[in-house]
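Read off the chains here:
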Amino acid sequence: MKHFFIIVNSYKDKDLMLTKSMQDYIETKGGQCGYYVSRGEENDSDCVDLEVLPEQLDLIFVIGGDGTLIRAARDTAKKNVPLIGVNLGTLGYLCELEEATVYSAIDQIMSDNFMLEARMRLSGYVIQSGVQLKGQTALNDIVIHRSGALQLVSLVVYVNGQYLNTFDGDGVIVSTPTGSTGYNLSAGGPIVDPKARMILITPINSHTLNSKSIVIGAEDEVVVEIGARRREGDEQVVVSFDGDHHAQLDVGDRIVIRQAQKDCRILKLGKLSFLEILRKKMQTYH
């Protein structure tokens with residue numbers, strides 16, 4: 001590999017010292033490298049414009065944390081270029097590199113000594129008042145959650161056209177295995193090896209005592225319809241893709257979710273397994 005690009009969260013590398021140092025190091029080694037500065041959480045909906053990416057591109061370094069890498073994966077999905085994260089935040093699940101290890105990693109990558117790990121994505125589109133809106137992809141999860149007043153919402157879930165369940169609560173998380181350690185985990189959902197291929201459906205603060213997460217096949221299609229709990233039928237929910245607001249839905253609107261056509265490719269260098277990362281994470285927050 002010789003053609004690189006860096007997407008950097010400006011809040012994590014404020015003076016771009018690491019970014020520019022990595023760029024200089026790559027170019028000294030005979031490679032090419034440009035960079036794009038993202039404003040991170042301040043500008044979630046537009047992490048990077050595809051037009052800034054060069055035509056010849058082998059790998060994207062993402063400097064920041066798991067959130068920055070997830071947004072970069074979403075915004076560069078059409079390019080299908082592998083990503084590797086450089087963590088400048090707390091211990092994450094996705095970002096393999098640290099500032100201290102990034103230069104030896106560049107040497108290893110330029111020597112073509114690495115592995116590529118495929119992570120499934122989700123693809124979803126909203127049907128609003130009978131009109132299909134533009135679709136979006138997610139590496140972690142698609143979340144359908146209440147909006148506005150503190151009231152329960154009723155979400156009717158179908159799998160492959162068959163009725164599954166009606167969840168009354170704060171919402172529903174539809175997650176990939178990669179996203180199982182995100183919001184899904186906070187809501188009491190299972191932790192799944194990110195290389196697995198399945199879809200997780202987890203209710204958020206369900207009003208039913210026996211509501212549990214449901215795991216279905218990666219090839220299954222999930223439809224979530226907004227039901228009416230109040231006579232007025234004025235409940236509203238928000239659909240978020242990887243934490244970014246996408247659309248506000250009313251009673252009768254639906255969202256259709258299935259496995260995306262393209263995986264996200266994560267470049268791996270070390271032999272540290274997901275279980276080892278998970279154990280370290282648990283020890284950190286014990």
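Residues numbered from 1 in each chain as written. Predicted model: local features only at pLDDT ≥ 70, side-chain atom pairs only at ≥ 80, totals over all residues. Heavy atoms only, no water.

Right, let's talk about the overall build of the protein chain for a bit. Of regular secondary structure, the protein chain possesses 5 helices and 20 strands. In the protein chain, which comprises 286 residues, the share counted as buried stands at 50%. For the protein chain, the computed accessible surface area is about 13,700 Å², with 47% contributed by carbon and sulfur atoms. (Helix = DSSP H or I, 4+ residues; strand = E, 2+ residues; numbered from the N terminus. Buried < 20%, exposed > 50% of the residue type's maximum accessible area, 1.4 Å probe, protein only. Areas by Shrake-Rupley, 256 points an atom, 1.4 Å probe, with all protein chains shown as cover.)

Time to look at the packing of helix H1 (residues 17-28) against helix H3 (residues 102-110). Here H1 crosses H3 at 35 degrees, and the two axes come no closer than 11 Å. Every pair of crossing elements has a handedness; the one defined by H1 and H3 is right-handed. Between H1, through Leu18, Ser21, Met22, Tyr25 and Ile26, and H3, the contact on the second element is made entirely by Val102, Tyr103, Ile106, Asp107 and Met110. (Axes fitted to C-alpha atoms, helices over the stretch in contact; angles between N-to-C directions. Left-handed = near helix turned anticlockwise from the far one by under 90°. Contact = heavy atoms within 4.5 Å.)

Formed by 27 residues in total, the largest nonpolar core has its most connected members in Ile144 and Ile255. Ranked by residues supplied to this core, first place goes to strand E11 (residues 153-159) with 4 residues. Leaving out residues up to four positions away in the same chain, isoleucine 255 has contacts with Tyr125, Val126, Ile142, Ile144, Val222, Val223, Val224, Val239 and Phe241. Residues Leu18, Phe61, Ile63 and Val102 belong to the second largest nonpolar core, which totals 22 residues. (Core = buried A, V, L, I, M, F, W, Y, C linked by side-chain atoms within 4.5 Å.)

At leucine 16, a residue that is not glycine, the phi angle is positive and equals roughly 60 degrees. Its place among the elements puts leucine 16 in the loop between strand E1 (3-9) and H1. Its relative accessible area of 13% is what places leucine 16 among the buried residues. The residue aspartate 242 is not glycine, and still its phi comes out positive at about 50 degrees.

Let's shift gears to H3. All of the buried residues in H3 are Val102, Ala105, Ile106, Ile109 and Met110. Here the buried residues of H3 occupy an arc of 130 degrees about the axis, which is enough to place them on one side. Contacts from the buried residues of H3 go to E1, H1, strand E3 (59-64), strand E4 (83-87), strand E5 (97-98) and strand E20 (264-268). Phi turns positive, to about 60 degrees, at aspartate 112, one or two residues after H3. (Arc of directions from axis to C-beta.)

Two numbers describe a pair of aromatic rings. These are the distance of the centres and the angle of the planes. Within the structure shown, the criterion is met by 3 aromatic pairs. Ring centres of phenylalanine 4 and phenylalanine 61 lie 5.7 Å apart, and the angle between their planes is 40 degrees; on these two criteria the pair is classed as tilted. Of this pair, phenylalanine 4 sits in strand E1 while phenylalanine 61 is found in strand E3, placing the two residues 57 residues apart along the sequence. For phenylalanine 4, a relative accessible area of 3% gives the class buried. (Phe/Tyr/Trp six-rings, centres within 6.5 Å; stacked < 30°, edge-to-face > 60°.)

Another aspect to go through is H1. Under the 1.5 Å per step criterion, the end-to-end length of H1 is 16 Å for 12 residues, consistent within 8% with the ideal 16 Å. Among the residues of H1, Leu18, Thr19, Met22, Gln23 and Ile26 are the ones counted as buried. Each buried residue of H1 lies within a common arc of 135 degrees when the element is viewed along its axis, so the set occupies one face. For H1, the exposed residues lying more than 90 degrees away from the buried face are Met17 and Thr28. Those residues of H1 that are buried lie in contact with E1, strand E2 (32-38), E3, E4 and H3. The first or second residue beyond H1 is glycine 30, which carries a positive phi of 95 degrees. (Expected span 1.5 Å × (residues − 1).)

So, about the pattern of salt bridges. Tallied over the full model, the rule gives 8 salt bridges. Measuring nitrogen to oxygen at the nearest pair gives 3.2 Å for the salt bridge that ties lysine 195 to aspartate 193. By relative accessible area, which is 45% here, lysine 195 ends up partly exposed. Under the relative-accessibility criterion, aspartate 193 is labelled partly exposed at 31%. One network of salt bridges, with partners in common, ties together Arg74, Asp75 and Asp244. (Salt bridge = Lys/Arg side-chain N within 4 Å of Asp/Glu carboxyl O.)

Spatially, E15-E14-E13-E10-E17-E18 is the arrangement adopted by the 6 strands of the open sheet, whose pairing is antiparallel. The two strands at the open ends of the sheet, each matched to only one other strand, are strand E15 (214-217) and strand E18 (244-250). On average, each strand axis in the sheet is inclined to that of its neighbour by 20 degrees, with strand direction left out of account. Both strand E13 (residues 171-175) and strand E14 (residues 198-204) contribute to a ladder of 5 bridges, which runs antiparallel. Directly across from isoleucine 173, in E14, lies its bridge partner threonine 202. (Pairing = 2+ DSSP bridges.)

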